[in-house]
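Structure assessment
What follows is the residue order along each chain.
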2 protein chains.
Amino acid sequence: MADDTQAIKDEIALLEKNIAELQAQLKDAQARLEKKQWDAVDRTFDTKLSVDQQLALINTNLKEVLNPEIMESVLRKGEHLKIYWGTATTGRPHCGYFVPVLKIAQFLRAGCHVKILLADIHGFLDNLKAPIELVKYRAEYYRFVIIALLKAINVPINKLEFVLGSEFELKPDYMMDVLRLASITSEHDAKKAGAEVVKQTENAPLSGLIYPLMQALDEQYLDVDVQFGGLDQRKIFALAKEVLPKVGYKERCHLMNPMVPGLQGGKMSASDPDSKIDVLDTADAVRKKLKKAFAPPKQVEENGILSFVEYVLLPAGELRHGTPKFIVERRDAEPLVYTEIAQMHKDYLDDILTPQMLKPAVTEALVELLAPVQSEFQATPAWQEIEKKAYPPPPAPPKKEKKKKDKGTGYPGAKKVTAQPDGHVEGADKAVVDVGADGGAKAMEKLGLEEK
Amino acid sequence: MADDTQAIKDEIALLEKNIAELQAQLKDAQARLEKKQWDAVDRTFDTKLSVDQQLALINTNLKEVLNPEIMESVLRKGEHLKIYWGTATTGRPHCGYFVPVLKIAQFLRAGCHVKILLADIHGFLDNLKAPIELVKYRAEYYRFVIIALLKAINVPINKLEFVLGSEFELKPDYMMDVLRLASITSEHDAKKAGAEVVKQTENAPLSGLIYPLMQALDEQYLDVDVQFGGLDQRKIFALAKEVLPKVGYKERCHLMNPMVPGLQGGKMSASDPDSKIDVLDTADAVRKKLKKAFAPPKQVEENGILSFVEYVLLPAGELRHGTPKFIVERRDAEPLVYTEIAQMHKDYLDDILTPQMLKPAVTEALVELLAPVQSEFQATPAWQEIEKKAYPPPPAPPKKEKKKKDKGTGYPGAKKVTAQPDGHVEGADKAVVDVGADGGAKAMEKLGLEEK
């Protein structure tokens, strides 16, 4: 009896030893692969830009930079600057998505190594906007969209890397660090940090407080020099600056985009799908939606149409054609040609550039920008398939009473839910879709981790 | 170039495949080992007790039981009842520790499989009472103490299992489940659940809100039918009952001990070491401390001395000698012999049993109970060594100014900290000792996980 037990224990010890050896070999192989891939990047590295040119491109249109010296010192040493941008994979990306994507395009053009964190777990943590059953599909959908948007601006993406949050955020080291940070961060500070990012509700789930700690840690685990985000991320960035050094990690540089008003102006409502232009909207739909856009004459503040020119169309023009240029056709006069936003603002305030001229010009520029995105979607069945899974359509209307059929009316697995524009789901099977019904291992399968 | 990369990728895929195969074999071997160990338990299983006798022993002295039907159904099926008791490995265990240990002794005697969770991570989460550098030593210290206490009551420990929290609480499945629970538990409910267990401070760390979720999950990951704890755990138990079914896990039975007043009566102060009798105190120290104990005549409520007889000495007598018995010697009369607490209460209220008689009787009974614990400590150098590491003594007083030496004055690694009675540390190196300075992997090493 005791001998039997000892034999199994010996067997276990041997297996553990062999696994440890293979894991060491794996680690080594992964390191060699990473080096190879880096070497490949080196050969295509764009050396034409000076450090000052790189910095100018990186800093274009930013509202605020924390600790620029960290970024500058990396660039002046001639090293690749590693920048990460995280996007919680929740609702359907709309055209506002072009704003951060343009910055990413500039980072890439400046020779940076850009890591896009497809933050599936964060989508889940933020009030279940990315329910566990949909999370995997959402992340794939976002990847398709981001690549298509960058291609539309004609930017090389060989230095772009996508990382799934769930690939590293569930590992023991990371978990230990979440707990270490949770031990030195007060409830109050965690809540404050997420106030502008995490949905604030009456009876907020605890996950919203863990969210900012994980975002801070991601800087370390993604091994970057810089995190980029919108100005709404400022409090999370400040938390990261404060807490990472306390647990032995280095402080990062933070780049912030201004909060750019939506294309249709004013506050957009997440619950009204018509208030946003989806990146997959057809030309007709774009034209129809933009007709309703809010663009008061002689007002440049909170003017979403003008902002779209400033933060998307002008920089896109520069990346595509080497010079920022935006042309407004006029019926009875020469076209207005702009190469910088200041002149546009001046003309708009003076009513030389009227909303009636501006709107059609922006509409057609956007339609042109979206055309290759739409074409790629139409040519990519895999993307179409993922779209249906990621954003399940509403259940079909009930048939006649006597022939009621429940099957095949929705995704996934015909569960009865409908994705809302902000990403969360409603419907009879909401609870199961939200957190899953069978424990952490099953939930991880739904993240797609069973495929590793 | 591309070929090279592909070769490494193939190598990685092969390694991953081999690791997965070995891990499957490991899992199989572990399952076989567990079965063997279970079979071994079966052979020593005490079949003399009927189910009703088992239940009577399990329920002795409990204040409250939630869902007793879960426990009863397991016992009536003739299965081993699996019970877990978690103890956060923080401050030095004092004699109050005998109260839960007596229940564990009764569970073991009733044939239950008892799992003691040495909750190292929880000690860390609860306001850093178990700093990361000391956590590993604390858990080892607690294991020595618990075994010695059970031996002192003469209880077989072959069905007792110790589990370290950090062995499973950092794994991906578990982390995923923490996040799932955090997504469906409000900040408010998490805070309320921990209110009587986690230290409440003005600027409480977020870790205190994660603590109750992990305690709930431990029921699932330890694979038990029952969780046992003090009545102060009631809100965490209620949370576990509520949330586990929501994520697809079963509800457990909960057994609660009453809150037993400390041996020295009244509210004990965690910051005054003299207010508690350490399990390693010498007979002289015990006698000295108990002289100061609060035992007002004719008052049985909040009377720590009487409670110690009720919850420790009488049941210990039963476990050791087959019958509960407590004898009070009197100077000028026959000894008073008690076999149940009711008669003692009656005599005490009538002042037949005076504090002057009771105190020496309890003192000598406690000294007798502690004697084998003390002997085992003296005979076990490993325990002595761990004690010094787990509870670092205060730094030596500074030498003369000109010959200042900092080395060798404390543990661990001569960092300048002193452990306080509640388990947290004070001193110049507090921050480093608390959360560590080098990230999750290093912190895990400090938990002892590098030895696996």
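Residues numbered from 1 in each chain as written. Chains lettered and ligands numbered in written order. Predicted model: local features only at pLDDT ≥ 70, side-chain atom pairs only at ≥ 80, totals over all residues. Heavy atoms only, no water.

Under an unreviewed UniProt entry, chain A has the name Tyrosine--tRNA ligase and belongs to Trematosphaeria pertusa. Database annotation for chain A, UniProt heading Catalytic activity (unreviewed entry): "tRNA(Tyr) + L-tyrosine + ATP = L-tyrosyl-tRNA(Tyr) + AMP + diphosphate + H(+)". Chain A has a UniProt comment under Sequence similarities (unreviewed entry) that states "Belongs to the class-I aminoacyl-tRNA synthetase family." (UniProt positions renumbered as here; feature names shortened; annotations may be inferred.)

So, about the interface of chain B and chain A. Each partner contributes residues to the interface: chain B has 73 residues there, and chain A has 73 residues. Summed over both partners, the interface of chain B with chain A comes to about 6,100 Å²; 72% of that surface belongs to carbon and sulfur atoms. Sorting the residues of chain B by area buried against chain A places B:M176, B:E187 and B:L206 first, and these three jointly supply 11% of that buried surface. Across the chain B-chain A interface, the total number found is four salt bridges. The salt bridge involving B:K191 is made with A:E187; its shortest N-O contact spans 2.9 Å. (Contact = heavy atoms within 4.5 Å. Buried area = accessible area lost by both parts, 1.4 Å probe. Salt bridge = Lys/Arg side-chain N within 4 Å of Asp/Glu carboxyl O.)

A few words on unusual backbone geometry. One non-glycine residue, A:E302, lies in positive phi territory at about 55°. Mapped onto the elements of the fold, A:E302 is located in the loop between α12 (283–291) and α13 (304–321). For A:E302, a relative accessible area of 47% corresponds to the partly exposed category. The backbone of B:N154 shows a phi angle near 65°, a positive value even though the residue is not glycine. (Helix = DSSP H or I, 4+ residues; strand = E, 2+ residues; numbered from the N terminus. Buried < 20%, exposed > 50% of the residue type's maximum accessible area, 1.4 Å probe, protein only.)

So, about the side chain of A:S207. Within the secondary structure layout, A:S207 lies in helix α10 (residues 207–221). Accessibility expressed as a relative area gives 0% for A:S207, which makes it buried. Ignoring sequence-local partners within four residues, the contact set of A:S207 consists of A:L125, B:A182 and B:S183.

This part takes up the relation of the copies chain B and chain A. Expressed as a screw operation, the relation of chain B to chain A combines 0.0 Å of axial shift with a rotation of 180°, fitting to an RMSD of 0.1 Å. Viewed as a symmetry operation, the transformation between the two copies matches a two-fold axis. For chain B, the minimum C-alpha distance to the rotation axis belongs to B:I19 and amounts to 3.0 Å. By residue overlap, the copies meet face to face through one surface: 100% of the interface positions of chain B are interface positions in chain A. (Least-squares fit on C-alpha atoms with pLDDT ≥ 70 in both.)

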